[in-house]
Amino acid sequence: MFDFLRKKKQLTKEEKFWNYFTKNKKSLEEFINSDLSDYTAYNNLTDEIHEFSELLFPEITQNNDGKYVLIITPDGKPSGIPHTEKLYNSKPEIENWIVEKFRQPKDELKFKYDGLEYPSSDIEILPELDAENEKINIRVFIRNMDLDKDKYQTMAWLYLDNILGEFNSITKIGYVDFFHLDEEKTVKDGISILELRKLIDKEIYKVK
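Anyway, here's the lowdown on the structure attached to this text. (Residues numbered from 1 in each chain as written. Predicted model: local features only at pLDDT ≥ 70, side-chain atom pairs only at ≥ 80, totals over all residues. Heavy atoms only, no water.)

1. A closer look at the pattern of salt bridges
- Within this structure, the stated rule accounts for 13 salt bridges.
- Notably, a salt bridge pairs D107 with R197, separated by 2.7 Å at the nearest N-O pair. A residue pair is termed long-range when its members are at least 10 positions apart, and D107 in the loop between β3 (97-101) and β4 (112-113) and R197 in helix α6 (residues 193-203) qualify at 90 residues.
- Linked through salt bridges whose partners overlap, the residues forming this network are E59, D75, K77, R103, D161 and E166. (Salt bridge = Lys/Arg side-chain N within 4 Å of Asp/Glu carboxyl O. Helix = DSSP H or I, 4+ residues; strand = E, 2+ residues; numbered from the N terminus.)

This is the structure in structure tokens:
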């Protein structure tokens, strides 16, 4: 009785986001396959995810199997982890799309940031295990960093997030100090970011 008086169910913020994504996935697919000169579809998606949480960002790409991929990332901010988990856990099935939480670990990749480009091999790391807090503190040496400290360090963070995996870089890395490394110089006992990931697996996760 009086069913007509019942209020329409209010959608949650996460439901609103996924409704938007599902309705607009075609334009996002077209953006991924375009020359990337028009960022309107991506910018609209970013605005929509910010309606859910200002701490989150979407990253979209296509994998080798032709599937489209949405990565929900807090962009390295620990306070964004619960928001990432909540939005990810509410995801629906989306045809031809894979949804991932956090930037996933990759063995190797190459970045270009604001005109700067250098390989991950230009980064050498001295790790220090903090067993009590289950973290590894690191001193990061970047070849030629003094040429532009901000850009070089930003690129180093991108490598850390994407080779370690973003969740590892947020939760398993303690303090981070950056140092300049001269061209042609190496760091005694220094290790690569990939070797750091293996060290985290061994010392923190106890993976043999």
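2. So, the packing of helix α4 (residues 149-164) against α6
- In the contact formed by α4 and α6, the axes pass within 9 Å of each other and the chain directions differ by 45°. Our classification of the angle between α4 and α6 gives oblique. Two packed elements cross with a definite hand, and for α4 against α6 that hand is right-handed. On α6, the residues that touch Y159, L160, I163 and L164 of α4 are I193, L194, L196, R197 and I200. (Axes fitted to C-alpha atoms, helices over the stretch in contact; angles between N-to-C directions. Parallel < 35°, antiparallel > 145°, perpendicular 65-115°, else oblique. Left-handed = near helix turned anticlockwise from the far one by under 90°. Contact = heavy atoms within 4.5 Å.)

3. Remarks on the pairing of strand β6 (residues 123-130)
- For β6 and strand β7 (residues 135-143), the ladder comprises eight bridges, and the chain directions are antiparallel. In the strand pairing of β7, I125 is matched with V140. (Pairing = 2+ DSSP bridges.)

4. With respect to the packing of helix α1 (residues 13-32) against helix α2 (residues 40-52)
- It is at 10 Å that the axes of α1 and α2 come closest, and there the two elements cross at 170°. On the basis of the axis angle, α1 is roughly antiparallel to α2. On the side of α1, the interface is formed by K13, E14, K16, F17, Y20, F21, S27, L28 and F31, while α2 contributes A41, Y42, N44, L45, E48, I49, E51 and F52.
- Tallied by class, residues from the contact of α1 with α2 come to ten nonpolar, two polar and five charged. (Nonpolar A, V, L, I, M, F, W, Y, C, P; charged D, E, K, R; others polar.)

5. Comments concerning the packing of aromatic side chains
- Under the counting rule described, the total for this entry stands at 14 aromatic pairs.
- Judged by centre distance (6.2 Å) and plane angle (40°), the rings of F17 and F21 are tilted. With F17 and F21 both in helix α1, this residue pair falls four residues apart, about one helical turn. Of the two residues, F17 and F21, neither departs from the other in class, the shared state being buried. (Phe/Tyr/Trp six-rings, centres within 6.5 Å; stacked < 30°, edge-to-face > 60°. Buried < 20%, exposed > 50% of the residue type's maximum accessible area, 1.4 Å probe, protein only.)

6. Points about the pairing of strand β1 (residues 57-62)
- Inspection of the sheet shows β1 paired to strand β2 (residues 68-73) by six bridges, in the antiparallel sense. Residue F57 lies in a different strand from β2, and its bridge partner there is T73.
- Linkage of β1 to β2, two consecutive antiparallel strands, is achieved through a turn of five residues, within which G66 is found at a positive phi near 85°.

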